[in-house]
Structure formats: structure tokens, C-alpha cells
Amino acid sequence: MLSIKPEFMRRLRAATTVAEVQSMVTAAYTLELATIPTYLTGAFSVKPGFNPEALALVQSVAYEEMLHLTLACNLLIAIGGTPAILDTGLSLEFPTPLPMCVDEGLTVALGAMTPEQVYTVFMGIEHPDTQAILPGEQTVSALMLQKQSQGYESIGDFYQAILDKLAELEAAGLAPFGQPNLDNQVDIRPWFPHVECGDGKVSNMETARAIVAVILAQGEGAQIGDDPIDPHGGFAGSFAHYFKFGEIYFGKRLVADAQAASGWSYSGAPVALDPEGVYRFLPNAAVSDYVPGTAVHTAAADFFNSYKRLLTSLDQVFNGAPEKLKSALAIMYELKLLAQKVVQFPAYPDQPASYVAAPPFMLNKKPA
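Treat the numbers as computed from the prediction; the structure is a model and nothing was measured. (Residues numbered from 1 in each chain as written. Predicted model: local features only at pLDDT ≥ 70, side-chain atom pairs only at ≥ 80, totals over all residues. Heavy atoms only, no water.)

Novice: Account for the side chain of Glu 247, with residues named and values stated.
Specialist: Positionally, Glu 247 belongs in helix H9 (residues 241-250). Exposure remark for Glu 247: the relative accessible area of 3% places this residue in the buried category. Separated by 2.8 Å, the side chain of Glu 247 and the backbone nitrogen of Leu 254 make a polar contact. Among residues more than four places away in sequence, those in contact with Glu 247 are Leu 57, Phe 239, Lys 252, Arg 253, Leu 254, Tyr 266 and Val 271. (Helix = DSSP H or I, 4+ residues; strand = E, 2+ residues; numbered from the N terminus. Buried < 20%, exposed > 50% of the residue type's maximum accessible area, 1.4 Å probe, protein only. Polar contact = N/O pair within 3.5 Å; in protein donor to acceptor, adjacent residues only side chain to side chain. Contact = heavy atoms within 4.5 Å.)

Novice: Give a detailed account of the pattern of salt bridges, specifying residues and quantitative values.
Specialist: Under the defined criterion, the tally for this structure stands at 7 salt bridges. As a salt-bridge pair, Asp 187 and Arg 189 come within 2.7 Å of each other at their nearest N and O atoms. Arg 189 gets classed as partly exposed once you look at its relative accessible area, which sits at 47%. (Salt bridge = Lys/Arg side-chain N within 4 Å of Asp/Glu carboxyl O.)

Novice: Could you give an account of the packing of aromatic side chains, naming the residues involved and the relevant values?
Specialist: Throughout the structure, instances matching the rule amount to 14 aromatic pairs. Each ring, one from Phe 239 and one from Trp 264, has its centre 5.7 Å from the other, and the planes form 85 degrees; the classification is edge-to-face. With Phe 239 in the loop between helix H8 (205-218) and H9 and Trp 264 in strand E4 (residues 264-270), this pair connects stretches of sequence that are 25 residues apart. As far as burial versus exposure is concerned, Phe 239 and Trp 264 are alike and both buried. Through successive ring pairs, a cluster of aromatic residues spans Phe 44, Phe 303, Phe 304, Tyr 307 and Phe 361. Sitting over the ring of Tyr 355, Arg 280 keeps its end group 4.3 Å from the ring centre. (Phe/Tyr/Trp six-rings, centres within 6.5 Å; stacked < 30°, edge-to-face > 60°. Lys NZ or Arg CZ within 6 Å of the ring centre and 35° of its normal.)

Novice: Tell me about the packing of helix H2 (residues 18-44) against helix H5 (residues 115-126), residues and numbers included.
Specialist: For any two helices packed against each other, the geometry comes down to the angle between their axes and how far apart the axes lie. Running from N to C, H2 and H5 cross one another at 150 degrees; their axes reach a closest spacing of 12 Å. When the axis of H2 is compared with that of H5, the two are roughly antiparallel. The handedness of the crossing between H2 and H5 comes out as left-handed. Across the interface between the two elements, Thr 35, Thr 38, Tyr 39 and Gly 42 of H2 pack against Gln 117, Val 121, Phe 122, Ile 125 and Glu 126 of H5. A breakdown of the residues in the contact of H2 with H5 according to their chemical character gives 4 nonpolar, 4 polar and 1 charged. (Axes fitted to C-alpha atoms, helices over the stretch in contact; angles between N-to-C directions. Parallel < 35°, antiparallel > 145°, perpendicular 65-115°, else oblique. Left-handed = near helix turned anticlockwise from the far one by under 90°. Nonpolar A, V, L, I, M, F, W, Y, C, P; charged D, E, K, R; others polar.)

So, in C-alpha cells, the structure goes:
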């Protein structure tokens, strides 16, 4: 469970204007955007031909995070806001706490898909807001109980507070959906055909609730209830993000298990994460990590420039040109090819046995 800083919840609940809610939805899509480099770095660290199940799982989560980003941006556009994907994306620095979050011990770093990275970062981001005993655990997480006793609220609570505030403003006659700009919103059906929220566009409270329900069911805000739990929430009945990552960490498929307190256990077919099939990535790589004039610097700069083009393209998509999403997705494929070039080099040419060069999502290293 990501714990939202109390000041964000107070500001949201005290809001009296639509503009104040826009700033909160902006914070929400920033959080969604920040997860994408994290999961893509994990996916890029898998060597060709290795760990196919684990790779498919992390890729599926990254794909769903793109959906969440799209839905959150549609909501922002519907209430008169303007997504700033390029500026937001370039402002992200790693390692970092997630935007709005107060979670001690959860520092989001860009790194290879090791068991530690999967458990500490991936599962830490996606941990459900629940007092149920989760698969792989013997008791309810002590950290979860501590957070709840201290009154921290989750990302699910944050999204719900956004909906409550929009309903309140609507009842007060402020018409938050007065000009929903539907032509500027993305129709998700061609790209995410299995999602149960129609075209994903937002024009009123009903459609706003529908898109938020999808975000919460699939992702970190999943409300899975009490034991026995229901871990489903992803596309076509697949598992919510936390449980997909659990399959990687525990090395087995999640299956129904009447003997387990949660009703589920990681005791199904193997999900291999062979360390020999994962590059030893330079953590939190930036273009500035690589020596100018070297082949690795050229490859890293090419990757970062492609990432910047992706952000620029998405910025255009959510600012009046939704038909350009196809072009943005093509750049994502280009990004994968360029990542494969970066990983051909050691991070430091004079230390070939040290780290492998990682595709950089930052131009310059974050100051220590």
C-alpha cells in the first residue's frame, strides 16, 4: 500500500475549486508515469531467450500502467486540465520516493530484475490496501497494520477522494465536467480492447467512476477485501499487479489453495528468474554516467533521445492530437530496439567486468 502524504489528502478534501482538483489529478498521473521507467528497466534487463514468463509478467504490468496514465489524463482533460507529459517525465529523478507518497523504506530505483528489486520495489509499489493475509505471507504485514493504525491513506483512498470531491463540486453547481473536451481524449478501445470501461473517455461522474475502478482493480490501489482474497483485476481476468510480481519473486504461479489463509498460494507451475539471464545493470543510469565519445555513450544518448521523443509524442496525444497515440506506441517499439543496443556495452569500458550499461531514463545523474 502506497501511503499518501496527509497534506495531499487534506488539500484535496478542502478543495473548493475545480482547479484544485486538477492539481491532484496531475499528481495522480505523475505517479503512474513514474512507475513506467521502473518496470521497463526491469524488462530491458532480461537477456534474450531467458526468463520468458517473468519478462511477460513485468511487460504486462508496464502495459497496464500505460493504460492507467491514459485514463488519468482523460480524467484531467475532462475537468479542464492540461497534461504536461514531457515536462513531468523529464523532471523525474531516480532513486526517489514516489510522488505524493510518504512510505519510508520504499525508494524507487531503476535496476535489473533481481528478486530483491521485484520484492522491495515492484511489490512495494503495488502492495494492496488490505488487512488480509496475502499469498506468501504467514500473517498480516506488520508494516501494513502500522500504517493503518497511524491513519495513513492509500492511493485507492486518494482516487476515491478525487471522485468524492468532483461529486461535491458538481452538486454545488461548479460543473467540473462542463466542457469535457471529448475530442481531445484518447479512445482506448483500439489499444486496450479488453478493458471494461467503454472507450475510456470521461464526461460525467459515471464515466469517471468507471475509469478509476479499472485503475484500482489492476494496480496498486486494488481493494482485494478480506481472506479468502480475490487477486484478480488485470486484463481478461488476470491477476492484479502485486500478484503478478509475486509470481516472479516466489518463482511459482499463483493458484487457488484451500489450505492457505488467503485462499491462494504460489505453488503452481514454475516462473523462472534465472540470474544468469539478467544483465547486471548500472543502477539508476543517466546519460551522464557514460564517457562522451565512447560507443556506449552514443547508444545511451540515442536511447534517451528516443525516450524524450516518446514523452513529446504523448504530450501531443493528450493535448489535442489523440490520433497520434499510434505514433507514440511505435516509438515505444523503437525504445526496445535501442535498449538492446545499450546493453551490448559495459558501463565503464575500462572495467568490462563491472556493470552492464543500462538504458538511461535521465540525462544527468541525480545529485547525491
